[in-house]
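# Summary of structural features
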Amino acid sequence: MQQDRETSLIVVGICSGSVGTHGEMKVRSFTDNPRRFSGGNTVIIGGKAHQIERARTIGRQLIVKFVGVDSPEEAQLLNNADICVEQESVEALPEGRYYHFQLLGMQVGTSSGHHLGVLAEILSTGSNDVYVVRGESEVLIPAISDVIVSVDVVLGEMIVDLPDGL
């Protein structure tokens, strides 16, 4: 998931098809906040506010019903649309932890002063995230404390200490 650093909207999911006859949507969630899709919450889809009427899971699939979306045809109009929230509504994380949207677009350099490029993508793996930094070449950086020296969200800068071979 990529995020525009200038926008105040954060993508938290995507509508991925209608379900049933009452306007419910399959949603692919990009958030690990279990309350993000609770009934009563408001999200933004296509620039328009939509209140969540209810949400449920079937197996691993999230199913969401939005207020005022009452038919498969109305739900289909939202298909493939990003589901966003205002950046101000995102809960603060403990010090030293960051949301992906805070990191994407950061300038990345080494502790010795070499500019590597821009953090363009974050790959989620089983053990730790991997930062994809694109500059003169593409560099894959493990998101572990031995490698990440500092992160400055305000300045949009990350300093890393690359292990031998990277």
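Nothing here was measured: the structure is a model prediction, and the numbers come from that model.

## Considerations on the overall build of the chain
Looking only at helices and strands, one finds two helices and 12 strands in the chain. Its helices and strands in sequence order give the chain the pattern β-β-β-β-β-α-β-α-β-β-β-β-β-β, from N to C terminus. Projected onto its principal axes, the C-alpha coordinates of the chain cover approximately 60 × 30 × 30 Å. Residue burial in the chain is summarised as follows: out of 166 residues, 35% are buried. Long-range pairs, those at least 24 residues apart, make up 47% of the contacts in the chain with a sequence separation of at least 6. Accessible area for the chain stands at about 9,700 Å²; split by element, carbon and sulfur atoms hold 48% of it. The positive charge centre, built from 12 side chains, and the negative charge centre, built from 22, are 12 Å apart in the chain.

## Some remarks on the pairing of strand 10 (residues 138-142)
Residues Val-139 and Ile-141 line the buried face of strand 10, whereas the alternating positions Glu-138, Leu-140 and Pro-142 sit on a face that is not buried. Pairing of strand 9 (residues 129-134) with strand 10, which is carried by five bridges, proceeds in the antiparallel orientation. Bridge pairing links Tyr-131 to Ile-141 in strand 10. Hairpin geometry of strand 9 and strand 10 is characterised by an intervening segment of three residues between the two adjacent antiparallel strands.

## What to know about the packing of aromatic side chains
As enumerated under the stated definition, the model contains one aromatic pair in all. On the numbers, 5.5 Å between centres and 15° between planes, the contact of Tyr-99 with Phe-101 is stacked.

## What to know about unusual backbone geometry
Note on backbone geometry: most residues besides glycine have negative phi, and most peptide bonds are trans. The phi dihedral of Asn-80 falls on the positive side, at around 70°, and the residue is not glycine. The exposure class assigned to Asn-80 is exposed, which follows from its relative accessible area of 57%.

## Details of the pattern of salt bridges
Counted according to the given criterion, the structure contains eight salt bridges. Here Glu-91 makes a salt bridge to Arg-35, at a shortest N to O gap of 2.6 Å. Taken together, the positions of Glu-91 in the loop between strand 6 (82-86) and helix 2 (100-103) and Arg-35 in the loop between strand 2 (24-29) and strand 3 (42-45) put the pair 56 residues apart, joining distant regions of the chain. Note that Glu-121 is salt-bridged to Arg-134, the shortest N-O span being 3.1 Å. Of this pair, Glu-121 sits in strand 8 (residues 115-124) while Arg-134 sits in strand 9, and the two are 13 residues apart along the sequence. Residue classification places Arg-134 among the partly exposed residues on the basis of a relative accessible area of 37%. Ionic contacts of the salt-bridge type, sharing partners, join the residues Glu-24, Glu-53, Arg-54, Arg-56, Lys-65 and Asp-70 into one network.

Cut-offs and rules
Residues numbered from 1 in each chain as written. Predicted model: local features only at pLDDT ≥ 70, side-chain atom pairs only at ≥ 80, totals over all residues. Heavy atoms only, no water. Helix = DSSP H or I, 4+ residues; strand = E, 2+ residues; numbered from the N terminus. Buried < 20%, exposed > 50% of the residue type's maximum accessible area, 1.4 Å probe, protein only. Contact = heavy atoms within 4.5 Å. Areas by Shrake-Rupley, 256 points an atom, 1.4 Å probe, with all protein chains shown as cover. Lys, Arg positive; Asp, Glu negative; His and termini not counted. Charge placed at Lys NZ, Arg CZ, Asp CG, Glu CD. Pairing = 2+ DSSP bridges. Phe/Tyr/Trp six-rings, centres within 6.5 Å; stacked < 30°, edge-to-face > 60°. Salt bridge = Lys/Arg side-chain N within 4 Å of Asp/Glu carboxyl O.

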